[in-house]
Amino acid sequence: MVILLSLKNCFQLHYGLKIPAAGFRCSANSGLIIQSVSSDIYQNLAVEDWVHDNMTLEDRHVLFMWRNSPTVVIGRHQNPWQECNLKIMREKNIKLARRRSGGGTVYHDLGNINLTFFTSKKKYERMENLKLVVRALKALRPQFDVRATERYDLLLNGNFKISGTAAKLGRTVAYHHCTLLCNADRFLLSSVLKSPYKGIKSNATPSMPALVKNLFEEDPSLTCEIVMDAIAAEYARCHKIDHCITLINPGDETVFPGINMKTKELQTWDWIYGKTPKFSIRTCFNMVYKQSLLEVKVDIQVKHGRIEACNIDLPEQWLPPAMCSELEKNLTGSKLCPSETAALASTLLRVCPQNYELHSKWSLLCETVMTLM
Amino acid sequence: MALRALRRVAVSLAPRCPGRGGPFPSARSAWPQAAPARSLGTSALLFSARKFTDKHEWISVENGIGTVGISNFAQEALGDVVYCSLPEIGTKLNKQDEFGALESVKAASELYSPLTGEVTEINTALADNPGLVNKSCYEDGWLIKMTVDNPSELNELMNEDAYEKYIKSIED
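Scoring rules and cut-offs
- Residues numbered from 1 in each chain as written.
- Chains lettered and ligands numbered in written order.
- Predicted model: local features only at pLDDT ≥ 70, side-chain atom pairs only at ≥ 80, totals over all residues.
- Heavy atoms only, no water.
- Domains from an automatic or database assignment.
- Contact = heavy atoms within 4.5 Å.
- Buried area = accessible area lost by both parts, 1.4 Å probe.
- Salt bridge = Lys/Arg side-chain N within 4 Å of Asp/Glu carboxyl O.
- Polar contact = N/O pair within 3.5 Å; in protein donor to acceptor, adjacent residues only side chain to side chain.
- Helix = DSSP H or I, 4+ residues; strand = E, 2+ residues; numbered from the N terminus.
- Nonpolar A, V, L, I, M, F, W, Y, C, P; charged D, E, K, R; others polar.
- Phe/Tyr/Trp six-rings, centres within 6.5 Å; stacked < 30°, edge-to-face > 60°.
- Buried < 20%, exposed > 50% of the residue type's maximum accessible area, 1.4 Å probe, protein only.
- Lys NZ or Arg CZ within 6 Å of the ring centre and 35° of its normal.
- pLDDT = per-residue confidence, 0-100.
- Expected span 1.5 Å × (residues − 1).
- Arc of directions from axis to C-beta.

A closer look at the domain arrangement of chain A
Frequently, the measure chosen for interface size is the accessible area that the parts lose on association.
Residue and element names in this part refer to chain A.
Phase 1 of the analysis: Along its sequence, chain A is carved into domain 1 (32-273) and domain 2 (279-372).
Phase 2 of the analysis: A straight line from the C-alpha centre of domain 1 to that of domain 2 covers 39 Å.
Phase 3 of the analysis: Between domain 1 and domain 2, the residue contacts involve eleven residues of the former and 13 residues of the latter.
Phase 4 of the analysis: On the domain 1 side of the interface with domain 2, the three residues burying the most area are W81, K201 and W269, jointly 50% of the side's total.
Phase 5 of the analysis: For the interface between domain 1 and domain 2, the tally reads zero salt bridges.
Phase 6 of the analysis: Taken together, domain 1 and domain 2 are joined by two residue pairs in polar contact (both at pLDDT 80 or more).
Phase 7 of the analysis: The biggest single contributor to the side of domain 1 that touches domain 2 is strand β13 (residues 200-202), with three residues.
Phase 8 of the analysis: The class makeup of the residues in the side of domain 1 that touches domain 2 is five nonpolar, three polar and three charged.

Considerations on the packing of aromatic side chains
Phase 1 of the analysis: For the coordinates displayed, the defined rule picks out twelve aromatic pairs over all chains.
Phase 2 of the analysis: Ring centres of W81 of chain A and Y273 of chain A lie 5.5 Å apart, and the angle between their planes is 50 degrees; this geometry places the pair in the tilted category. Placement of the pair is W81 of chain A in helix α3 (residues 80-83) and Y273 of chain A in the loop between α10 (269-272) and β15 (279-289), with a sequence separation of 192 residues. With respect to class, W81 of chain A is no different from Y273 of chain A; both count as buried.
Phase 3 of the analysis: Between the aromatic rings of F52 of chain B and Y163 of chain B, the centroid separation amounts to 4.2 Å while the plane-to-plane angle is 5 degrees, which identifies the pairing as stacked. Taken together, the residues F52 of chain B in strand β1 (residues 47-52) and Y163 of chain B in helix α6 (residues 160-171) connect sequence positions 111 residues apart. Judged on exposure class, the residue F52 of chain B and its partner Y163 of chain B are both buried.
Phase 4 of the analysis: Taken together, the ring pairs connect F52, W58, Y138, Y163 and Y166 of chain B into an aromatic cluster.
Phase 5 of the analysis: Over the face of the ring belonging to W142 of chain B we find K145 of chain B, whose NZ or CZ atom lies 4.5 Å from the ring centre.

Structural notes on the confidence of the model for chain A
Phase 1 of the analysis: Considering every residue of chain A, the mean pLDDT works out to 90; 92% of them sit at 70 or more.
Phase 2 of the analysis: Across residues 1-28 of chain A the pLDDT falls below 50, and counting only partners more than four positions away or on other chains, this stretch makes 55 contacts in the model.

Concerning the side chain of S163 of chain A
All names here are of chain A.
Phase 1 of the analysis: With respect to the helices, strands and loops of the structure, S163 is situated in strand β10 (residues 160-163).
Phase 2 of the analysis: A polar contact is formed between the side chain of S163 and the backbone oxygen of T179, at a distance of 2.7 Å.
Phase 3 of the analysis: Those residues in contact with S163 that lie beyond four places of it in its chain are Y152, D153, L154, C178, T179 and L180.

Considering helix α12 (residues 338-350) of chain A
Each turn of an α-helix holds 3.6 residues, which means side chains three or four residues apart point in the same direction.
All names here are of chain A.
Phase 1 of the analysis: If you check α12, its first and last C-alpha atoms are 18 Å apart, about what 13 residues at 1.5 Å a residue would give, namely 18 Å.
Phase 2 of the analysis: Buried within α12 are the following residues: P338, T341, L344, A345, L348 and L349. Across the axial projection of α12, the buried residues extend over an arc of 135 degrees, all falling on one side. Relative to its buried face, α12 has exposed residues pointing more than 90 degrees away, namely S339 and R350.
Phase 3 of the analysis: At its buried positions, α12 is contacted by α4 (86-91), α11 (321-331) and α13 (356-370).

Written out as structure tokens, the structure is:
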């Protein structure tokens, strides 16, 4: 039976966890199960950071369960331009987050469950955690064909990925987190996890595309709640603790002192985009202007998410060379960001001759360059 | 401040003094003369055999510059390194500060500075060849070079024998 405890009934989490079995209604001698009430990716990632930085887990483990509103989450050393379709994401208000663990890019929505297994560094064991999840699923639906691979994926029916894994090893604490597709929007997943950007050369860690499936497609009676409950039950059984889940509010500073600062940091442009490893974009565009096809060559170097150097090659005399080099000069140092580029472009337009033809060529060029971002 | 200036002098002098044990030319420094330099703390800042931290980083100091990497035990435990995230040159680090991360098939693992100092160089070969950390963790797979601001911190680190014993104890 699941007893969902409101945190009001427990001592402050960080004290309770440091003093064995103090103050909790369920005995948490060697394990604790927490579930976030928030669906905000940044708040939930901040919980992971907080536990990683503040807890000592020598003799206890923690399972953290969380779900998010539509978000794409990239790995620590990945390149968002290489991994996802930022344009669609902006249109559909899908957030972008960079996590601190390694691994590849995933799509989250409320039909996806995230599980984080916190242990001491010594007790870090991804396969054991995944076997736990498999046992939980098989206890729910014995007919399911679910297994863990060497890459720490979970496959359904031998070839559909339902879970991906990533991990972080810190000073004394380690965490292994994984996704679990229950009833996520697969159509949206495929479209946002496909990058439209060409010509990117980068040494960022790449993702491995895979065929995916939801558990719901195998059995429509399964919901996220049922699955989370089964996993919590299996975790409780393994750790010989009570099957009770503590609800946590990641915005509560009294329970997680300092967490709001961590949340803020995860939302900054400098973290999400600025941490992208150095890369270059070298590509050719075809612009259509008055029924003629024009070739534009672009060569951009990007460091910390900002344009370090850029070169735009246009057909001779299509635009006054001075204008083109003004654009290149102003782009240098600015963020690789369409709204920043648009602002820059309109500012430059104001200082150039008021000529309709020139303006329309300029707008076309800038729009073309913005499609890179 | 003066100490730092002296160190820079020492660094630029060292290549010209074939035997590092010689005292500094008196015209150039206000540091009290004492020979041999080996017996002073300054000898540690000029040169130190490889020392290890309990987080499995190593540092060896030559001409006042420390080269930092991870130990063989660490690279084996990590598995194949796929990405090295290193700091910018000029970054100031305190002992035990996080200075970067290595991503491997196993996880993203943080790197901790063995000493207090400033980053002077990073191993750019690792950008295209992160596997060097596995193949040659003590030579070509070095991570950063840094100044040694507090040479006494070296005494807090383990020498090779002590580190071997340490690994054995944690493996049990």
